[in-house]
Amino acid sequence: MVGAPKIAKNIMTQWLGLPRLATAHGGQIDGLLGWIHIFMLILFVGWGSFIVYALIRFRRSRNPVADHAGMKSHKSTYVEIGVAVVEGILLIGFAIPMWAARVERMPAASEALLVQVTGEQFAWNIHYAGPDGKFGRTDIKLIDAQANPLGLDRSDPAAQDDVTTLNQLYLPVNKPIIVRLRSKDVIHSFGVPEFRVKQDAVPGLTIPIWFVPNVTTEEMRTRTGKPDFQYEIACAQLCGLGHFRMRGYVTVQTAEEFQKWMQEKIKEQSNPDPFK
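For clarity, every value in this text was computed on a predicted model and none was experimentally measured. (Residues numbered from 1 in each chain as written. Predicted model: local features only at pLDDT ≥ 70, side-chain atom pairs only at ≥ 80, totals over all residues. Heavy atoms only, no water.)

### A look at the overall build of the protein chain
Okay, so step 1: Of regular secondary structure, the protein chain possesses five helices and 10 strands.
Okay, so step 2: For 276 residues, the compact-globule estimate of 2.2 N^0.38 gives 19 Å, and the C-alpha radius of gyration of the protein chain, at 25 Å, exceeds that figure by more than 25%.
Okay, so step 3: By its C-alpha atoms, the protein chain is 95 × 40 × 35 Å across when sized along the principal axes.
Okay, so step 4: When each of the 276 residues of the protein chain is scored for burial, the buried share is 37%.
Okay, so step 5: Taking contacts inside the protein chain between residues at least 6 apart in sequence as the whole, the part at least 24 apart equals 68%.
Okay, so step 6: Total accessible area computed for the protein chain in this model is approximately 17000 Å², and 60% of it derives from carbon and sulfur atoms.
Okay, so step 7: In the protein chain, 30 positive and 26 negative side-chain charges are present, and the distance between their average locations comes to 10 Å. (Helix = DSSP H or I, 4+ residues; strand = E, 2+ residues; numbered from the N terminus. Rg over C-alpha atoms; globule rule 2.2 N^0.38 Å. Buried < 20%, exposed > 50% of the residue type's maximum accessible area, 1.4 Å probe, protein only. Contact = heavy atoms within 4.5 Å. Areas by Shrake-Rupley, 256 points an atom, 1.4 Å probe, with all protein chains shown as cover. Lys, Arg positive; Asp, Glu negative; His and termini not counted. Charge placed at Lys NZ, Arg CZ, Asp CG, Glu CD.)

Set out below in structure tokens:
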């Protein structure tokens with residue numbers, strides 16, 4: 001059983017064409033998906049064979065008169081029990097422990113990069129706390145669709161080093177990432193296929209998700225042979241007429257590259273006029 005998750009992972013990534021993995025927990029997700037598909041294949045073949053058997057065994061030429069007593073064998077009961085046991089194993093043995101690991105074992109904020117991602121029709125607003133680790137105050141009265149979509153109050157001391165971007169999420173490789181999902185209007189869904197991450201953003205709620213990206217964008221371009229490859233944030237909930245264009249991009253960098261990018265963005269946003 002030691003190599004079972006690896007076998008299931010290979011089945012999913014190679015046979016079913018899943019995107020290449022780019023997070024530490026992705027192998028567990030693929031393993032679970034692999035076992036689900038294997039068991040569903042067995043059930044499909046089993047029930048299909050049973051239907052064919054029933055059509056032949058109880059055909060009209062062999063049973064011209066209806067038998068109201070019915071079938072007295074308990075074989076079908078045993079099969080149903082077996083199906084229930086398999087489903088219980090998938091749920092209790094795989095799905096619940098994996099869900100608990102993602103929800104209850106969230107890394108401490110001091111050990112992770114905390115990012116707030118706010119969905120709106122039809123864009124992703126990214127907000128970094130900056131070096132001080134504190135998110136600046138936001139005010140609905142300050143919201144400007146173009147200049148300040150989050151309503152960030154730059155007069156707040158905590159907001160002086162905050163960084164905001166639109167549809168561009170930059171992350172360091174091999175570091176826990178905690179994303180706090182929000183929505184300004186309707187339900188959106190934050191999904192990055194290579195990260196094996198998907199979570200709804202619900203108005204009025206802040207929903208945290210976490211993952212550890214372990215493949216930089218440049219490395220993934222080499223692996224896929226696509227020099228223009230980009231991790232894409234896809235909204236997986238129909239959120240309006242412009243849903244099709246609600247796309248964001250994730251750039252995974254080395255720690256040094258990310259730090260350099262962050263410093264440049266802080267400098268840029270603290271002095272938006274390059275001629276000053």
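### Some details on the sheet that holds strand β6 (residues 188–192)
Okay, so step 1: Spatial ordering of the open sheet is given by β4-β10-β9-β6-β7, a layout of five strands whose pairing is mixed. What marks the edges here is a single partner per strand, and that holds for β4 (168–172) and β7 (197–201). The mean angle between the axes of side-by-side strands here comes to 25°, regardless of whether they run parallel or antiparallel.
Okay, so step 2: Bridging between β6 and strand β9 (residues 231–235) involves two bridges; their strand directions are antiparallel. Opposite G191, over in β9, you have A234 as the bridge partner.
Okay, so step 3: Contacting β4 and β10 (247–253), helix α5 (residues 255–270) crosses the sheet at an angle of about 135° to β4. (Pairing = 2+ DSSP bridges. Axes fitted to C-alpha atoms, helices over the stretch in contact; angles between N-to-C directions.)

### Overview of the side chain of Q253
Okay, so step 1: On the secondary structure map, Q253 appears in strand β10.
Okay, so step 2: With a relative accessible area of 13%, Q253 lands in the buried category.
Okay, so step 3: When neighbours within four sequence positions are excluded, Q253 is seen to be in contact with Y170, L171, P172, V173, T216, F258 and W261.

### Some points on the pattern of salt bridges
When charged atoms on two side chains of opposite charge get close, those side chains can pair.
Okay, so step 1: Inspection of every chain in the model, using the stated rule, returns eight salt bridges.
Okay, so step 2: The partner of D139 in a salt bridge is R137, and the shortest N-O contact between them spans 3.6 Å.
Okay, so step 3: A salt bridge links R223 to E219, with the nearest nitrogen and oxygen atoms 2.7 Å apart. Note that R223 and E219 are positioned in helix α4 (residues 217–224) at a spacing of four residues, about one turn of the helix.
Okay, so step 4: You can call E219 partly exposed: its relative accessible area is 33%. (Salt bridge = Lys/Arg side-chain N within 4 Å of Asp/Glu carboxyl O.)

### Here's the deal with the sheet that holds strand β5 (residues 177–183)
Okay, so step 1: The strand order across the open sheet formed by five strands is β3-β2-β1-β5-β8, and the pairing between neighbours is mixed. Both edges of this open sheet fall to β3 (163–166) and β8 (207–211), since each of them pairs with a single strand only. Looking at each pair of strands side by side, their axes are set apart by 25° on average, direction ignored.
Okay, so step 2: Against the sheet, α5 makes contact with β1 (113–120), β2 (123–128) and β3, and its axis sits at roughly 95° relative to β3, the strand it touches most.

### A short note on the packing of helix α2 (residues 26–57) against helix α3 (residues 75–104)
Okay, so step 1: Across the interface, α2 lies against α3 with an axial gap of 11 Å and an inter-helix angle of 170°. Judged by the inter-axis angle, α2 sits roughly antiparallel to α3. Here Q28, I29, L32, W35, I36, F39, L43 and W47 of α2 lie close against α3, whose contacting residues are V79, E80, V83, V86, L90, F94, A95 and M98. (Parallel < 35°, antiparallel > 145°, perpendicular 65-115°, else oblique.)

### Digging into the packing of aromatic side chains
Okay, so step 1: Evaluation of the coordinates by the stated rule reveals 10 aromatic pairs.
Okay, so step 2: Look at Y170 and W261: their rings are 4.3 Å apart centre to centre, the planes differ by 15°, and that puts the pair in the stacked class. Of this pair, Y170 sits in strand β4 while W261 sits in helix α5; the two residues are 91 residues apart in sequence, bridging distant segments of the chain.
Okay, so step 3: Here the aromatic residues Y128, Y170, F258 and W261 are joined through ring pairs into a cluster of three or more. (Phe/Tyr/Trp six-rings, centres within 6.5 Å; stacked < 30°, edge-to-face > 60°.)

### A short note on a nonpolar patch on the surface
Okay, so step 1: Taken together, W47, F50, I51, V52, Y53, L55, I56, F58 and V79 make up a surface patch of nonpolar side chains, about 880 Å² in accessible area.
Okay, so step 2: The element contributing the most residues to the nonpolar patch is α2, with seven residues.
Okay, so step 3: One can find I51 in helix α2. (Patch = residues over 30% accessible without salt bridge, like charges linked within 9 Å, V, L, I, M, F, W, Y side chains within 5 Å.)

### So, the nonpolar core
Okay, so step 1: Formed by 37 residues in total, the largest nonpolar core has its most connected members in Y128, L169, L171, F190, F195, Y231 and V250.
Okay, so step 2: It is α5 that contributes the most residues to this core, four residues altogether.
Okay, so step 3: In contact with Y231, not counting residues within four places along its chain, are A22, V192, E194, F195, V215, T216, T217, M220, G248, Y249, V250 and V252.
Okay, so step 4: By size, the runner-up hydrophobic cluster in this structure holds seven residues, among which are A129, I178, W210 and V212. (Core = buried A, V, L, I, M, F, W, Y, C linked by side-chain atoms within 4.5 Å.)

### Let's talk about the state of the cysteines
Okay, so step 1: For the coordinates displayed, the defined rule picks out zero disulfides.
Okay, so step 2: There is no disulfide at C235, and the cysteine sulfur nearest it, in C239, is 3.9 Å away. (Disulfide = S-S within 2.5 Å.)

### Digging into the environment of M262
Okay, so step 1: Along the chain, M262 turns up in helix α5.
Okay, so step 2: Spatially, the C-alpha atoms of M262 and P131 are 8.9 Å apart, while their sequence positions differ by 131 residues.
Okay, so step 3: For M262, the contacting residues outside a window of four places in its chain are Y128 and V163.

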